[in-house]
Amino acid sequence: MAKKFYAVRVGRDGSGIYTTWDECKRQVHGVARAVYKSFPTREEAEAFVRGWEKGAEPEPEELWQGAVAYVDGSYDKVTGDFSCGAVLFYEGGQVEFSERFSDRELSEMHNVAGEIMGVLTVLRYCRERGIPAVEIHHDYEGLGRWADGSWKANKPGTQRYAAECRETARTVELRFVKVKGHSGDKYNDMADALARKALGI
């Protein structure tokens with residue numbers, strides 16, 4: 001596999017260049033407005049960082065070159081069913097997901113069960129289509145924490161979720177972005193509406 005250089009313009013420790021995704025992820029995961037990009041050569045990576053240090057504003061497409069998805073979940077107290085809603089953007093296209101699930105074990109987690117399935121639905125879509133990277137916006141912190149191992153997955157459902165995230169990360173670059181729920185974020189609200197639609201509520 002060709003070597004990559006990860007240039008971080010804005011990260012936890014400021015700017016820098018890293019040679020592995022794990023090092024880069026530690027700098028940008030959970031950092032608001034982190035700016036980074038991968039390059040095939042160190043020279044290009046250094047030029048990217050220098051451009052920022054000189055005050056050059058990055059073009060929007062420089063911020064992230066993969067898919068961007070928003071996920072949410074819903075729960076039906078009467079039936080015990082749960083659902084996921086998601087909207088994914090990639091290369092100018094938009095795909096929406098709205099699906100209902102019935103799983104007694106997973107439903108004990110209520111809305112979170114739907115959010116877990118929202119992430120997994122997006123990851124499976126990306127794997128099947130060879131999408132190389134995806135940034136997932138979510139409003140429940142555990143989705144990103146279980147995925148990167150900073151929260152221990154204690155339940156069978158969260159353990160399966162964490163395992164699939166790790167497996168996916170072998171071929172798809174993952175980035176999780178925590179957003180505030182019900183705060184007027186257009187696409188987070190859209191994912192919420194898609195989740196509720198699947199339950200008919």
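Quick look at the structure, then. Predicted model, so just to flag it, every value in this text is computed and none were measured. (Residues numbered from 1 in each chain as written. Predicted model: local features only at pLDDT ≥ 70, side-chain atom pairs only at ≥ 80, totals over all residues. Heavy atoms only, no water.)

## Some points on the overall build of the protein chain
If you tally the helices and strands in the protein chain, you get seven helices and eight strands. Classification of the 201 residues of the protein chain by burial places 48% in the buried group. Counting contacts in the protein chain only where the partners sit at least 6 residues apart, residues at least 24 apart contribute 62% of the total. Summed over all atoms, the accessible surface of the protein chain reaches about 10600 Å², with 48% contributed by carbon and sulfur. (Helix = DSSP H or I, 4+ residues; strand = E, 2+ residues; numbered from the N terminus. Buried < 20%, exposed > 50% of the residue type's maximum accessible area, 1.4 Å probe, protein only. Contact = heavy atoms within 4.5 Å. Areas by Shrake-Rupley, 256 points an atom, 1.4 Å probe, with all protein chains shown as cover.)

## Observations regarding the sheet that holds strand 3 (residues 35-39)
If you trace the three strands from one edge of the open sheet to the other, you get 2-1-3, paired in antiparallel fashion. Each end of this open sheet is capped by a strand with a single partner; those strands are strand 2 (14-18) and strand 3. Between one strand axis and the next, the sheet turns through 10 degrees on average, direction left out of account. Taken together, the five bridges between strand 1 (residues 5-11) and strand 3 define a ladder with antiparallel strand orientation. Across the sheet, Ala-7 pairs through a bridge with Lys-37, a residue of strand 3. (Pairing = 2+ DSSP bridges. Axes fitted to C-alpha atoms, helices over the stretch in contact; angles between N-to-C directions.)

## A few points about the packing of helix 4 (residues 111-128) against helix 6 (residues 156-168)
Where helix 4 meets helix 6, the axes come as close as 11 Å, and the angle between the chain directions of the two elements is 25 degrees. Taken together, the axis directions place helix 4 and helix 6 in an arrangement best described as roughly parallel. The two elements helix 4 and helix 6 meet at a crossing, and its hand is left-handed. Touching Ile-116, Val-119, Leu-120, Leu-123, Arg-124 and Arg-127 of helix 4 are Thr-158, Tyr-161, Glu-164, Cys-165 and Thr-168, all from helix 6. (Parallel < 35°, antiparallel > 145°, perpendicular 65-115°, else oblique. Left-handed = near helix turned anticlockwise from the far one by under 90°.)

## Some words on the sheet that holds strand 7 (residues 133-138)
Read across the sheet, five strands follow the order 6-5-4-7-8 without closing on themselves; strand pairing throughout is mixed. Each edge of the open sheet carries a strand with a single partner, namely strand 6 (93-101) and strand 8 (173-178). Adjacent strand axes in the sheet meet at a mean angle of 20 degrees when their direction is disregarded. Bridge count for strand 4 (residues 67-75) against strand 5 (residues 82-90) is eight bridges, and the pairing is antiparallel. Paired with Tyr-75 across the strands is Phe-82, a residue of strand 5.

## Some thoughts on the environment of Ser-107
Tracing the backbone through its elements, the reader meets Ser-107 in the loop between strand 6 and helix 4. For Ser-107, the residues in contact, after removing those within four places along its chain, are Tyr-75, Gly-80, Phe-82 and Ala-113.

## Brief notes about the packing of aromatic side chains
Counted according to the given criterion, the structure contains eleven aromatic pairs. Measuring from ring centre to ring centre gives 5.5 Å for Tyr-70 and Tyr-187, while their planes differ by 45 degrees; the resulting arrangement is tilted. Taken together, the residues span a long stretch of sequence, with Tyr-70 in strand 4 and Tyr-187 in helix 7 (residues 186-199) at a distance of 117 residues. Residue classification places Tyr-187 among the partly exposed positions, given a relative accessible area of 25%. Taken together, a centroid distance of 6.0 Å and an interplanar angle of 75 degrees make the contact between Trp-146 and Trp-151 edge-to-face. (Phe/Tyr/Trp six-rings, centres within 6.5 Å; stacked < 30°, edge-to-face > 60°.)

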